[in-house]
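Given next are the chains, with one letter for each unit.
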Amino acid sequence: MDFDTIAAVATPMGEGSISVIRVSGPEAIKIMDRVFKGKNTLSTVDSHTIHYGHIMDPDTEETVDEVLVSVMKEPRTFTREDVVEVSCHGGIVSTNRVLQTILDSGARLAEPGEFTKRAFLNGRIDLSQAEAVIDLIRSKTDRAMKVAVQQVEGKLSRLIQKLRHNLLETMAHIEVTIDYPEHDVEDVTRNLLLEKSEEVKMEIERLLQTAKEGKILREGISTVIIGRPNVGKSSLLNALIHENKAIVTDIPGTTRDVIEEYVNIRGVPLRIVDTAGIRETEDVVEKIGVERSRKALEEADLILLVLNHGEALSNEDRQLFEVVKGMNVIIIINKMDLPGKLNVEEVKAFFPDTPLIKISVKNEEGIEQLEETIQDLFSTGTFQAADLTYVSNSRHVSLLKQALSSINEAIEAVQSGVPVDMIAFDIKRSWELLGEIIGEEVHEDLIDQIFSQFCLGK
Amino acid sequence: MMQYEADEFDVIVVGAGHAGSEAALAAARLGCKTLCLTINLDSVAFMPCNPSIGGPAKGHVVREIDALGGEMAKNIDKTHIQMRMLNTGKGPAVHALRAQADKFLYQQEMKKTLENEPNLTLRQAMVEEIIVNNGVAEGVVTKTGARYKAKTVVITTGTYLRGKIIIGDLQYESGPNNMAPSINLSHNLRDLGFEMVRFKTGTPPRVNKNSIRFEEMEIQPGDDVPRAFSYETTEYKTDDQLPCWLTYTNEKTHEIINANLHRAPMFSGAIEGTGPRYCPSIEDKIVRFQDKPRHQIFLEPEGRDTLEMYVQGLSTSLPEDVQLNMMHTIAGLENATMMRPGYAIEYDAIVPTQLWPSLETKLIENLFTAGQLNGTSGYEEAAGQGLMAGINAARKIQNREPVILDRSQAYIGVMIDDLVTKGTNEPYRLLTSRAEYRLLLRHDNADLRLTDLGYEIGLISEERYQKFTLKKEQIEHEKDRLYNTKARPDEKTQQILRELGSKELDNAIELAALLRRPEVTYKHIEMISPPEQSLAQDVKEQVEIQIKYEGYIRKQLQDVERLKKLDGKKLPADLNYFDIQGLAMEAREKLDKVKPISIGQASRISGVTPADISVLLVYLEQRKKAGSSAS
């Protein structure tokens, strides 16, 4: 069988600090050579060997991650094709960046169950398993479809539909002048094409920017728990996890690990970052220093600042106050079971309009109130998370990048004087790729548009 | 009616319009003893609507017909009164030749060709029944009682099936242009189990040339460059062309139409058939585009020896008095004498998803259908299908695989694939936007795409094939030269580039790279570095297009690779989709109805998802393995 090359995160989530990305297909080794920098080029190494190196973004030459790469040449592989498996650091953001780099270099994101399907079609899996394979494809696809549709609901979907409609109108205009050259429809001018394409280009770039910033709603609101040592950050985290099931999804790359925890608080997904530090040393600030923690904090959507009811405010606490000032903060006063030495009024004076919750993790008191506060923050729109247009999923990012490159080619073509019907080719491709994101079929859209937009006929 | 046993044939073609003529000629030329039956011998290859052939997509089809060995291109080359290349300001893929026909000469010429074809019998008869035995077509029965036997039957009944003409309140059973309609055959097809639909189309009035004030109109002459549809044509009529004329409707015209909408069968419910969106009546245009202050009207001569002029843009089924009134509001037509009124016509068509891509029906073996009967509209669309149906009806008898053009090969392939895979809910017209590989399906390269195939089928003569092979070699040879020869920055070259406004050379570069500059054409390359021997214009054209648009062509070829892989995976005809676990219900029903011949075709059915395709692939593999382990 003759297939293209696919890639996806192969490890299930919630299992360890390492993710494995599997790349399979005739170009697997060639594609990996574009992004892997190690002692050897992968095309020269023996089959079934492991290599240490780095994944680099070939465009920016930035190091994406430190990795181990297994090269397995066909036919003795899972899919009976050339397979490269990349073991990289776990965690959504880093794993997705590695995957994205591989996708940008020529692989296609695998469909659900596609590795297994190939294994079967290439004769690797026994006939008796065919039904299981079919079930797998069916169930995974249906679930993935559901997830995909949910993801593009709302603003993102509307935005993409709007972009597509702009493109469609432009295409219809081009098509009508081609198919009805003698009709009194004004020819599409290069200026108009340029204007429309630039508009779409800007929007796609903006969307990709949201992806880059990692402002990923589906992955959760980036949350940092911060506080001096021994204020009970770790036990608070454990309490939140204990109370609420960690988010389990089937999306490649959403894996739980030591530095990120996923918690669903009354429907609000939180991605609690930097908890690794909390666990290991009980103190982020101490470990990475105020400067670096300030950076981590700046990237957070929500900060849970934990104070100890049993201790007076220290200079360290006040330093933290300065750092998080102006950010989305919930002040949590823990250890309410201890005698009060903390000057709550001073805290309130410093954070006048900030929610302040008193809890005792030990006695399991106040956790509910905290959860309610988090929920309220979202329902009252403090974070306006539901209104923001976020692009998260690797598939969408990959499609958006392709759509962008097509629209860029269209713009280049307009500028260099290429005939309009060829420009239409790139515009149409961009339109199709955007359609894939929201799962819209190509269908007769264009022809419908031509006849509703223009009056034609003999 | 007493029946009698008439002659036996290999192939019977029912109808002698644009589809029927091609089908009959192809079958006869492929060695089959062929009978072509038509209701009226005076209407062979008749053009009941516009007197023109070609245009975007349609003109491409005519070229393809020629490359495969059909007749339409040659016939129009002999009988046109004007030729124009359209879209010359756009890319080569959408350049499109259009001819105004002398419709009377066109008919005469085609009839003569049919009459003179050895192996072909042309006869006047109305077919009322198809003889079917155990699901296999075996011949036809005519109104006069003749029972003709045949191995394969091709039906091309155009708009004749239960045809009904509508003008205002007036309705009567009729074929086009008051020809006799075919009623019983439609009932027969229904009785045989075919699902039928009712479509509608229409035609504008014809007016007397002498009553038109042309000084009020804009002249539209033909090109003064010799042009032809057929690759075999060597004679041109550049100096002897008739012009068309352009005028417009105005507010007054629209007022009259608006005031009479209650008498328009389009809106009164009198018309039940679905009309084509791309060919709306004038009343439809006015209603749908109220804001448009005027609509174009073209006056086209119907021939050299007639005063009849076709009023393009005024297709209508309004009552005759309204037709007259609105026409007289138009500049130049104030005193126009109407010679024939416009009318709408309703007819039966079969749902085309009932066909294999060979155009054989799934229901009845050895029965083929083509043309407007399959839900299309347009002479060119009909002729393209007729040719394929004729070829495949002949090959069926000769036990050869049917010829199926894919979407990357020809507009004809796009059309047939659309029809048999998706069906159509209005009369189907080809548009260039229907072709996803438009840059490959060009007007200029129809011969390069299809002549090899036409030769293999047996409709291209040895002599023509040799000529074609030589052309191909010359193109490749010259392309090689341009890739391997460098232009040097010498004074002559810089001078040429300067005059063109093109950047002067810093270093020597490949001629091909130079040709890729938008402002540089082959003519300039020839000046900078002439080939050993000067080349024919069509060779130069190919070299220029293929090099200039190489990047785009390569992109499309990559897509085609994907298509070929999917189309190459064949699906057995005996698959029971309802037995395949894992297919969604909608997919099972659609697949069962269409019975796609390949995974590629299956993937183009709306409602069949990528997951369904995966399931199908796995199922096929399972079946294959089970089959091989059983044997």
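The structure we're discussing is the one just above.
The text that follows walks through the structure, step by step, so that each part is easy to find. (Residues numbered from 1 in each chain as written. Chains lettered and ligands numbered in written order. Predicted model: local features only at pLDDT ≥ 70, side-chain atom pairs only at ≥ 80, totals over all residues. Heavy atoms only, no water.)

What to know about the overall build of chain B
Counting its regular elements, chain B contains 21 helices and 22 strands. Relative to its length of 631 residues, chain B is compact, with a C-alpha radius of gyration of 26 Å against a globular reference of 25 Å. C-alpha extents for chain B along the principal axes are approximately 85 × 80 × 50 Å. Pairs at least 24 apart in sequence give 73% of the contacts found in chain B among residues at least 6 apart. If you sum the accessible surface of chain B, you get close to 24100 Å²; carbon and sulfur atoms cover 48% of it. If the 78 positive side-chain charges of chain B are averaged to one point and the 88 negative ones to another, these points end up 3 Å apart. (Helix = DSSP H or I, 4+ residues; strand = E, 2+ residues; numbered from the N terminus. Rg over C-alpha atoms; globule rule 2.2 N^0.38 Å. Contact = heavy atoms within 4.5 Å. Areas by Shrake-Rupley, 256 points an atom, 1.4 Å probe, with all protein chains shown as cover. Lys, Arg positive; Asp, Glu negative; His and termini not counted. Charge placed at Lys NZ, Arg CZ, Asp CG, Glu CD.)

Some thoughts on unusual backbone geometry
Of note, the amide linkage connecting A:Glu74 to A:Pro75 takes the cis form, showing an omega dihedral of 5 degrees. Along the chain, the position of A:Pro75 falls in the loop between strand 5 (63–72) and strand 6 (83–89). Within the chain, A:Lys335 stands out as a residue other than glycine whose phi angle is a positive 60 degrees. For A:Lys335, the position within the fold is in the loop between strand 12 (329–334) and helix 11 (344–350). Of note, the phi angle at B:Asn119 is positive, near 80 degrees, even though the residue is not glycine.

Section: the pairing of strand 8 (residues 136–142) of chain B
Residues and elements named next belong to chain B. With 5 of 7 residues buried, strand 8 lies mostly within the body of the structure. Where strand 7 (residues 127–133) and strand 8 come together, 6 bridges link them in antiparallel fashion. Looking at strand 8, one finds that Val-127 is bridged to Thr-142. Sheet topology note: the strand 8/strand 9 (residues 146–155) ladder contains 3 bridges and is antiparallel. (Buried < 20%, exposed > 50% of the residue type's maximum accessible area, 1.4 Å probe, protein only. Pairing = 2+ DSSP bridges.)

Structural notes on the sheet that holds strand 11 (residues 170–173) of chain B
Residue and element names in this part refer to chain B. With antiparallel pairing, 4 strands are arranged side by side in an open sheet as 11-10-19-12. Two strands bound the open sheet, and with one partner strand each, they are strand 11 and strand 12 (196–203). Each adjacent strand pair in this sheet contributes to an overall mean axis angle of 20 degrees, direction not counted. Where strand 12 meets strand 19 (residues 343–350), 8 bridges bridge the pair, whose relative direction is antiparallel. Each residue of the ladder has a partner; that of Phe-199, found in strand 19, is Tyr-347. (Axes fitted to C-alpha atoms, helices over the stretch in contact; angles between N-to-C directions.)

Considerations on the pairing of strand 4 (residues 49–56) of chain A
Residue and element names in this part refer to chain A. In the sheet, strand 3 (residues 36–38) pairs with strand 4 via 3 bridges, with the strands oriented antiparallel. What sits directly across from Lys-37, in strand 4, is His-54. Strand direction decides the pairing type here: strand 4 and strand 5, joined by 8 bridges, are antiparallel. The residue of strand 5 that forms the bridge with Gly-53 is Val-67. Here strand 4 folds back onto strand 5 in antiparallel fashion, the turn holding 6 residues, of which Glu-61 has a positive phi close to 60 degrees.

Brief notes about the environment of A:Ala410
Examined against the element boundaries, A:Ala410 turns out to sit in helix 13 (residues 394–415). Sequence-distant contacts of A:Ala410, that is, excluding residues within four places in its chain, are made with A:Ile423, A:Asp426 and A:Ile427.

Describing the sheet that holds strand 17 (residues 308–312) of chain B
Residues and elements named next belong to chain B. The 6 strands are arranged 14-15-16-17-13-18 in an open sheet whose pairing can be described as antiparallel. Each having just a single partner strand, strand 14 (218–220) and strand 18 (338–340) make up the two edges of the open sheet. Geometrically, the sheet is characterised by an average inter-axis angle of 35 degrees between neighbouring strands, direction not taken into account.

Overview of the pattern of salt bridges
One pass over the full model with this rule turns up 68 salt bridges over all chains. Residues A:Glu62 and A:Arg97 are paired through a salt bridge, measuring 3.6 Å at the closest nitrogen-oxygen approach. One end of the pair, A:Glu62, is in the loop between strand 4 and strand 5; the other, A:Arg97, is in helix 2 (residues 92–104), with 35 residues separating them in the sequence. According to the relative accessible area criterion, A:Arg97 is partly exposed, its value standing at 39%. Note that B:Lys564 is salt-bridged to B:Asp406, the shortest N-O span being 3.3 Å. Of this pair, B:Lys564 sits in helix 18 (residues 550–568) while B:Asp406 is found in the loop between helix 10 (379–397) and helix 11 (411–422), placing the two residues 158 residues apart along the sequence. (Salt bridge = Lys/Arg side-chain N within 4 Å of Asp/Glu carboxyl O.)

Section: the packing of aromatic side chains
Under the criterion given, the structure shown has 8 aromatic pairs over all chains. Considering the side-chain rings of A:Phe321 and A:Phe350, the 5.3 Å spacing of their centres and the 40 degrees angle between planes classify their relative orientation as tilted. Residue A:Phe321 is found in helix 10 (residues 315–324), and its partner A:Phe350 is found in helix 11; the two are separated by 29 residues along the sequence. When the ring of A:Phe321 is compared with that of A:Phe351, the centres are 5.0 Å apart and the planes differ by 75 degrees; the resulting orientation is edge-to-face. Of the two residues, A:Phe321 is situated in helix 10 and A:Phe351 in the loop between helix 11 and strand 13 (356–358); the sequence distance between them amounts to 30 residues. When its relative accessible area of 7% is taken as the criterion, A:Phe351 is described as buried. One aromatic cluster is present, built from ring pairs that chain together A:Phe321, A:Phe350 and A:Phe351. The ring of B:Tyr231 is capped by B:Arg63, whose NZ or CZ atom sits 4.3 Å from the centre of that ring. When the ring centre of B:Trp356 is taken as origin, the NZ or CZ atom of B:Lys362, which lies over that ring, is 5.5 Å away. (Phe/Tyr/Trp six-rings, centres within 6.5 Å; stacked < 30°, edge-to-face > 60°. Lys NZ or Arg CZ within 6 Å of the ring centre and 35° of its normal.)

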